[in-house]
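Notes for the structure review
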Amino acid sequence: MRNGEFILNGVHSSEFGAVIQSRPKINVPNRRRIRFSIPGSDGEYVIDDEAYDNSEMELNIAIKGPDYDTAKKYKDILSGILSSVGYVSFTPYFDPDVEYYVFLGSELEYSQNGYYDDLYVIRAVFSVRPYKHLIAHTPYKASKDVMVNNPFEYSSNPKINIKGSGNGILNVNGIEYIFKNVDDSIVVDSETKNAYKESGSSILNRNDRMYTIDFPTLKPGMNTISISGGFTSFTVEPRWRNLI
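First, a word on scope: everything that follows refers to the structure included in this document.

1. What about the environment of K180?
Within the secondary structure, K180 is located in strand β15 (residues 175-182). Taking relative accessible area as the criterion, K180 reaches 35% and is therefore assigned partly exposed. Other than its neighbours up to four places away in sequence, K180 contacts G166, N167, R209 and Y211.

2. Some thoughts on the side chain of T91
Note that T91 resides in strand β7 (residues 88-92). Setting aside residues no more than four positions away along its own chain, T91 makes contact with M1, F6, I7, P96, V98, E99 and I135.

3. Examining the pattern of salt bridges
Where side chains of opposite charge bring their charged atoms close, a pairing between them can arise. This structure, assessed with the given rule, holds 20 salt bridges. Between E109 and R123 there is a salt bridge whose closest N-O contact spans 3.1 Å. Residue E109 is located in strand β9 (residues 109-111), and its partner R123 is located in strand β10 (residues 119-128); the two are separated by 14 residues in the primary sequence. Residue R123 is classed as partly exposed on the basis of its relative accessible area, which comes to 27%. Note that D183 and R206 form a salt bridge whose closest N and O atoms lie 3.0 Å from each other. Taken together, the residues D183 in the loop between β15 and β16 (185-189) and R206 in the loop between β18 (202-205) and β19 (221-237) connect sequence positions 23 residues apart. For D183, a relative accessible area of 26% gives the class partly exposed. On the basis of relative accessibility, which here comes to 11%, the residue R206 falls in the buried class. Residues joined by salt bridges that share partners form a network here, namely D183, D184, K197, R206, D208 and R209.

4. Concerning unusual backbone geometry
For N173, which is not glycine, the phi dihedral falls at a positive 55°. Within the element layout of this structure, N173 appears in the loop between β14 (159-172) and β15. Even without glycine at this site, R239 takes up a positive phi of about 55°. Along the chain, the position of R239 falls in the loop between β19 and β20 (241-243). Owing to a relative accessible area of 15%, R239 belongs among the buried residues under this scheme.

5. Side note on the layout of surface pockets
Put simply, the largest pocket is a space of about 800 Å³. Lining the largest pocket are 29 residues, with Y131, S155, N157, E191 and R241 sitting closest to its centre. Across the lining of the largest pocket, the residue classes tally to 11 nonpolar, seven polar and 11 charged.

6. Focus: the packing of aromatic side chains
In total, this model carries 11 aromatic pairs according to the counting rule given. Between the aromatic rings of F36 and Y45, the centroid separation amounts to 5.8 Å while the plane-to-plane angle is 25°, which identifies the pairing as stacked. Taking relative accessible area as the criterion, F36 reaches 32% and is therefore assigned partly exposed. Ring geometry for Y52 and Y131: centres 6.1 Å apart, planes at 90°, overall edge-to-face. Residue Y52 is found in strand β5 (residues 45-52), and its partner Y131 is found in strand β11 (residues 131-134); the two are separated by 79 residues along the sequence. The class of Y52 is buried, set by a relative accessible area of 16%. Y131 gets classed as buried once you look at its relative accessible area, which sits at 15%. The positively charged end of R129 is found above the aromatic ring belonging to Y87, 5.3 Å away from the centroid.

Basis of the calculations
Residues numbered from 1 in each chain as written. Predicted model: local features only at pLDDT ≥ 70, side-chain atom pairs only at ≥ 80, totals over all residues. Heavy atoms only, no water. Helix = DSSP H or I, 4+ residues; strand = E, 2+ residues; numbered from the N terminus. Buried < 20%, exposed > 50% of the residue type's maximum accessible area, 1.4 Å probe, protein only. Contact = heavy atoms within 4.5 Å. Salt bridge = Lys/Arg side-chain N within 4 Å of Asp/Glu carboxyl O. 1 Å grid on protein atoms, 1.4 Å probe; cavity = no way out; pocket = protein on both sides within 12 Å on 5 of 7 lines; lining within 4 Å. Points joined across faces, edges and corners; volume = space filled by probe spheres on them. Nonpolar A, V, L, I, M, F, W, Y, C, P; charged D, E, K, R; others polar. Phe/Tyr/Trp six-rings, centres within 6.5 Å; stacked < 30°, edge-to-face > 60°. Lys NZ or Arg CZ within 6 Å of the ring centre and 35° of its normal.

In structure tokens form, the structure reads like this:
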């Protein structure tokens, strides 16, 4: 990826004539803590929520077309992508191996020099999720058990696709996750905190087949994953991540 280029929601910036004008400043996410004091006690006490707030990223983007109409069309493409409901993926030239997840945190501002009517300068302020995710990772497949190594300092929320029927147990680092009445397969998605079945293009809710409240995470370093009971095989999408 060349300087200034980026990929937004799967669309390369070259497809709409856009470049980032300068590398943005990115603040480390704020760890979410509750501070409180007790009358008669010195100092403050802290309750750690074990989570992080979003950060902001301000981008100045130049969009240039061969003529006025094309430049306006390019600007509208960018506006359309950023008008999406929820987060979109963002991979910038200065961090090409990861995906950030962003949404437009304020109004999109654009200006146009009257002399260069084929050029727009756009100011976009993104609200950025605390973690960036590694793009290239190899899924782990096993029929019984597997060990996977998390190369980062932060736990990840994997997606685990399990094949099998009836009652089964998924064991991650010694913690058992219990399932009942599984019909052929079940997906455990720790990012969205959901269990479901993928049937063609349909997603079927299977939260009622999972009898454990918590969802598995993959800690830094080595992790052991295994299945038993009616389960026959599984695939782990690790979703390695790092703090932005």
